[in-house]
Amino acid sequence: MNKDRHHHWESVYTEKSDAQLSWHEEDPAASIELADLAGATGESAVIDIGGGTSCFTERLAERGFRDLSVLDLSPAALDRARQRVGPCGARIDWIAADITTWTPPRTYDLWHDRAVFHFLVEPEDRQAYLDRLSRALRPGGHLIMATFCVDGPDRCSGLPVMRYDPDGLGRILGQDFAPVAFRTRMHTTPWGSPQSFQYGLFRKQPF
């Protein structure tokens, strides 16, 4: 685990409430729309990468999804999310790990990432992420990835980020991931600043 990265995010989630996090959204509508478009059902195995205190997995649990996992670098974030969701949290697999060093124990039908990949500014970190994505997402499974658009911020939470358009993200993912749909969303931070996001839905080729 990258100790500097771990310390940064543990400090963020220890010191700040959800209302102080620029990326927080109460209604993950764009992610839910793409999960529906991917054909995800209550039987689907779903993992939320960098889920932190995101409401995405909570919304899926409310809809009857039973095989849910949340991975985040920060145990503090996972503890906060577990407390918020209440009793249904006992049915969610909470994974405290760095996505660039994590060893996937199984495969998933849907991999969701809202705003983790764009923090990986070093090529070796991006490749480590992609290696784990390739191993953990089953053939025919779907990837939802949300990053800052090319006109979005170049920093977030005090850290530099990468920005992508659909073609650029597709090139990095490679030919094993076929694009299905893209959405652009203007996210408004809790203090009213606009941030331009792009959401991509990809299908892992079944071969």
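None of the values given here were measured: they were computed from a predicted structure.

Q: So what exactly am I meant to see when it comes to the overall build of the protein here?
A: Helices and strands together make up the secondary structure of the protein, namely six helices and nine strands. Taken over C-alpha atoms, the radius of gyration comes to 16 Å for the protein, in line with the 17 Å a tight globule of 207 residues would show. Structurally, the protein occupies a C-alpha span of about 45 × 40 × 30 Å along its principal axes. Taking contacts inside the protein between residues at least 6 apart in sequence as the whole, the part at least 24 apart equals 69%. Surface summary for the protein: the accessible area is close to 9400 Å², and the carbon and sulfur share equals 50%. The centroid of the 23 positive side-chain charges in the protein is displaced by 2 Å from the centroid of its 29 negative side-chain charges.

Q: Would you mind showing me how to read the environment of P153 here?
A: Positionally, P153 belongs in the loop between β5 (137-148) and β6 (155-156). Residues P153 and G51 lie 102 residues apart in sequence; the distance between their C-alpha atoms is 20 Å. Once residues lying within four places of it in the same chain are set aside, the contact partners of P153 are F148, V161, R163, Q195 and S196.

Q: I'm lost on the environment of R59 in this one. Help?
A: Inspection of the secondary structure puts R59 in helix α3 (residues 56-62). Residue R59 is classed as partly exposed on the basis of its relative accessible area, which comes to 21%. Separated by 27 residues in the primary sequence, R59 and I32 place their C-alpha atoms 8.3 Å from one another. When neighbours within four sequence positions are excluded, R59 is seen to be in contact with E26, P28 and I32. At 3.0 Å, the side chain of R59 and the backbone oxygen of E26 are in polar contact.

Q: What am I meant to see in the environment of T41 here?
A: By the element assignment, T41 lies in the loop between α2 (29-37) and β1 (45-49). On the accessibility criterion, T41 (40% relative accessible area) is partly exposed. Separated by 145 residues in the primary sequence, T41 and M186 have C-alpha atoms spaced 27 Å apart.

Q: Sorry if this is basic, but what is going on with the pattern of salt bridges here?
A: Pairing between side chains of opposite charge can happen when their charged atoms approach one another. Tallying each qualifying case throughout the model produces 11 salt bridges. Residue E25 is joined to R114 by a salt bridge in which the shortest nitrogen-to-oxygen separation is 3.2 Å. With E25 in the loop between α1 (3-15) and α2 and R114 in strand β4 (residues 108-114), the pair connects residues that are 89 residues apart, well separated along the chain. Relative accessible area serves as the criterion here: at 12%, R114 is assigned to the buried category. Between D67 and R106 there is a salt bridge, and its shortest N-O distance comes to 2.8 Å. Taken as a pair, D67 in strand β2 (residues 67-72) and R106 in the loop between β3 (92-96) and β4 lie far apart in primary sequence, 39 residues in all. Judged by relative accessible area, D67 falls into the partly exposed class, the value being 25%.

Q: Mind showing me how you'd approach the layout of surface pockets here?
A: Using a probe with the size of a water molecule, rolled over the atoms, empty space left in the structure can be pinpointed. Roughly 700 Å³ of internal volume is contained in the largest pocket. Considering the residues around the largest pocket, the lining is formed by 40 residues, among which W9, G50, A115, V116 and F119 are closest to the centre. Counting only elements with at least two residues in the lining of the largest pocket, the list comes to α1, β1, β2, β4 and β7 (159-160). A per-element tally of the lining of the largest pocket places α1 first, with five residues.

Q: Looking at this structure, how should I read the packing of aromatic side chains?
A: Pairs of aromatic rings are described using the distance from one ring centre to the other and the angle between the two planes. Inspection of the entire model under this criterion finds seven aromatic pairs. Between F148 and F197 the ring centres are 4.8 Å apart and the planes differ by 55°, which places this aromatic pair in the tilted class. Taken together, the positions of F148 in strand β5 and F197 in strand β9 (residues 194-204) put the pair 49 residues apart, joining distant regions of the chain. The two residues F148 and F197 agree in class, both being buried. In this structure an aromatic cluster arises from ring pairing among W102, W111, F117, Y129 and Y164. The ring centre of F197 lies 4.8 Å from the NZ or CZ of R114, which sits over that ring.

What counts and what doesn't
- Counting restarts for each chain: residues are numbered from 1 in the order of the written sequence.
- Local features are withheld for residues below a pLDDT of 70 in this predicted model, meaning they are given only at 70 or higher, and side-chain atom pairs are given and counted only at 80 or more; totals for whole chains, interfaces and linings count all residues.
- Where side-chain values are given, they derive from all heavy atoms of the structure, hydrogens and water being excluded.
- Secondary structure elements follow DSSP: runs of H or I of four or more residues count as helices, runs of E of two or more count as strands, with numbering from the N terminus.
- The reference for a compact globule is 2.2 Å times residues^0.38; the radius of gyration itself is calculated from the C-alpha atoms.
- Between two residues, a contact is recorded if the distance between any of their heavy atoms is within 4.5 Å.
- Only the protein chains shown count as covering a residue, and every accessible area follows the Shrake-Rupley method with a 1.4 Å probe.
- Counted as positive: Lys and Arg. Counted as negative: Asp and Glu, with His and the chain ends omitted from the count.
- To locate a charge, take atom NZ for lysine, CZ for arginine, CG for aspartate or CD for glutamate.
- Whether a residue is buried, partly exposed or exposed follows from its accessible area with a 1.4 Å probe, protein chains only, as a fraction of its type maximum: under 20%, in between, or over 50%, in that order.
- Side-chain atoms alone can form a polar contact between residues adjacent in sequence; in general such a contact is a pair of N or O atoms within 3.5 Å, and within protein one must be able to donate a hydrogen while the other accepts it.
- A side-chain nitrogen of Lys or Arg and a carboxyl oxygen of Asp or Glu constitute a salt bridge if their distance falls within 4 Å.
- Here a cavity denotes a set of grid points, spaced 1 Å apart and computed over the protein atoms alone, in which a 1.4 Å probe fits but from which it cannot get out, and a pocket denotes an open set meeting protein on both sides within 12 Å along at least five of seven lines; residues with an atom within 4 Å of a point are reported as lining.
- Grid points are joined across faces, edges and corners, and a volume is the space filled by probe spheres set on the points.
- Ring geometry is summarised as follows: Phe, Tyr and Trp rings, the Trp one being its six-membered ring, pair when their centres sit within 6.5 Å, and such pairs are stacked at plane angles under 30 degrees, edge-to-face over 60 and tilted between the two.
- For a lysine, the NZ atom is tested; for an arginine, the CZ atom; a charge sits over a ring if that atom is within 6 Å of the ring centre and within 35 degrees of the ring normal.

Interpretation note: all reported values are geometric properties and have no functional meaning in isolation.
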